[in-house]
Amino acid sequence: MSARRYLVAGNWKMHMGVGEASAFLEGLLQEELPDAVDVVVCPPYISLPAAAMLLSASRIGLGAQNVHWEASGAFTGEISAPMLAEIGVGWTIVGHSERRSYFGETDETAARRARRAQEEELRVIFCLGETLEERDGGVTFEVLERQAAVLEGLDAERLVVAYEPVWAIGTGRTASPAQAQEAHAFLRGRIAAVLGEEAARAVRILYGGSVKPGNAAELFGQPDVDGGLIGGASLDVQSFSAIIRAAAHLAAGE
Ligand code: 13P
């Protein structure tokens, strides 16, 4: 087993306004979550202040789903890293494939966001992954290499990488454990190339794409898979908790 702690993060996407988010978190706080696994939830912006209050005394981390690269300015509709830090948000997702495909995110803009977030001491979950067309076209590893190249200069201590093959997101079609391991091992090599060997050993690489309670253990059991970035299954307290427990069993060597 590696020294890296498992991390299970929930990306709620555009789900759960303040009322639903509060009810969900009250439910999650009732669960006896295992200490061996780090847990983060990423509600939509509008629910972050309520979530920050509810989670302030817990060890569940709080993340945003995106962040701008400037501290303030004429950027209508954007939210900055200092604004997030001010209310106690400690994490942010950057470069999610939905941002890339629907909102014009590029490797470069994702990297700018990540750098700025880290300057404000936020931890970054940097998402990357190939489309179905790219996988079928045999260019998966070229794409991952290009996407990972922009991690250069980031602080490894505040970095988590999430491998999310686009064809597995919200489709019910999960990467096989072997496919996930192959991509994660490749990405660890790229992290070594851009951030150094020590960083490559320390940086957690999460798998994302149709993770459910029933497949979490086999995915997280791969040597280079350090947990998951969970979409749909993170919207239900029972299924999210079950995924966290699957990681805890693996951490305990069970
Ligand atoms: P699903 O778990 O719903 O496939 O979403 C994965 C994802 O995009 C997490 O960021």
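For the structure itself, consult the block above.
What you are looking at is a predicted structure, and each value in this text was computed from that prediction instead of being measured.

1. Some thoughts on the pattern of salt bridges
At step 1: Counting across every chain of the model gives 17 salt bridges.
At step 2: Salt-bridge contacts for Asp-38 lead to Arg-5; the nearest nitrogen and oxygen are separated by 2.7 Å. Taken together, the positions of Asp-38 in strand S2 (residues 37–42) and Arg-5 in the segment before strand S1 (6–11) put the pair 33 residues apart, joining distant regions of the chain.
At step 3: For Arg-5, a relative accessible area of 38% translates into the label partly exposed.
At step 4: Note that Glu-105 and Arg-113 form a salt bridge whose closest N and O atoms lie 2.9 Å from each other.
At step 5: We classify Glu-105 as buried; its relative accessible area is 7%.
At step 6: For Arg-113, a relative accessible area of 9% puts it in the buried group.
At step 7: One salt-bridge network, held together by shared partners, links Arg-4, Arg-188, Asp-224 and Asp-226.

2. Things to note about the sheet that holds strand S4 (residues 91–94)
At step 1: If you walk around this closed barrel you meet the eight strands as S1-S2-S3-S4-S5-S6-S7-S8, and the pairing is parallel. Adjacent strand axes in the sheet meet at a mean angle of 25 degrees, parallel and antiparallel pairs treated alike.
At step 2: Note that strand S5 (residues 123–128) and strand S6 (residues 159–163) share five bridges and pair parallel. Note on S6: the bridge partner recorded for Val-124 is Leu-159.
At step 3: Docked against the sheet, helix H2 (residues 48–55) engages S2 and strand S3 (61–64), running at close to 170 degrees with respect to S3.
At step 4: Seen against the sheet, helix H8 (residues 177–195) touches S5, S6 and strand S7 (204–208) and runs at an angle of roughly 145 degrees to S7.

3. Quick notes on the state of the cysteines
Should the sulfur atoms of two cysteines be covalently bonded, the bond is a disulfide.
At step 1: Tallied over the full model, the rule gives zero disulfides.
At step 2: Cysteine Cys-42 shares no disulfide, and the gap to the nearest cysteine sulfur, in Cys-127, comes to 9.0 Å.
At step 3: A residue is classified by how much of its surface remains accessible, and Cys-42, at 0% relative accessible area, is buried.

4. Details of the pairing of S2
At step 1: Counting buried positions over the six residues of S2 gives five, a clear majority of the element.
At step 2: Both S1 and S2 contribute to a ladder of six bridges, which runs parallel. Considered in S2, the bridge of Ala-9 is made with Val-40.
At step 3: Following the chain from S1 across helix H1 (residues 18–30) to the adjacent parallel S2, one finds a crossover that is right-handed.
At step 4: Examined bridge by bridge, S2 and S3 share two bridges and lie parallel to one another. Across the sheet, residue Val-41 finds its bridge partner in S3, namely Leu-62.

Cut-offs used in this document
- Residues numbered from 1 in each chain as written.
- Predicted model: local features only at pLDDT ≥ 70, side-chain atom pairs only at ≥ 80, totals over all residues.
- Heavy atoms only, no water.
- Salt bridge = Lys/Arg side-chain N within 4 Å of Asp/Glu carboxyl O.
- Helix = DSSP H or I, 4+ residues; strand = E, 2+ residues; numbered from the N terminus.
- Buried < 20%, exposed > 50% of the residue type's maximum accessible area, 1.4 Å probe, protein only.
- Pairing = 2+ DSSP bridges.
- Axes fitted to C-alpha atoms, helices over the stretch in contact; angles between N-to-C directions.
- Contact = heavy atoms within 4.5 Å.
- Disulfide = S-S within 2.5 Å.
- Right-handed = clockwise from strand over helix to strand, strands pointing away.

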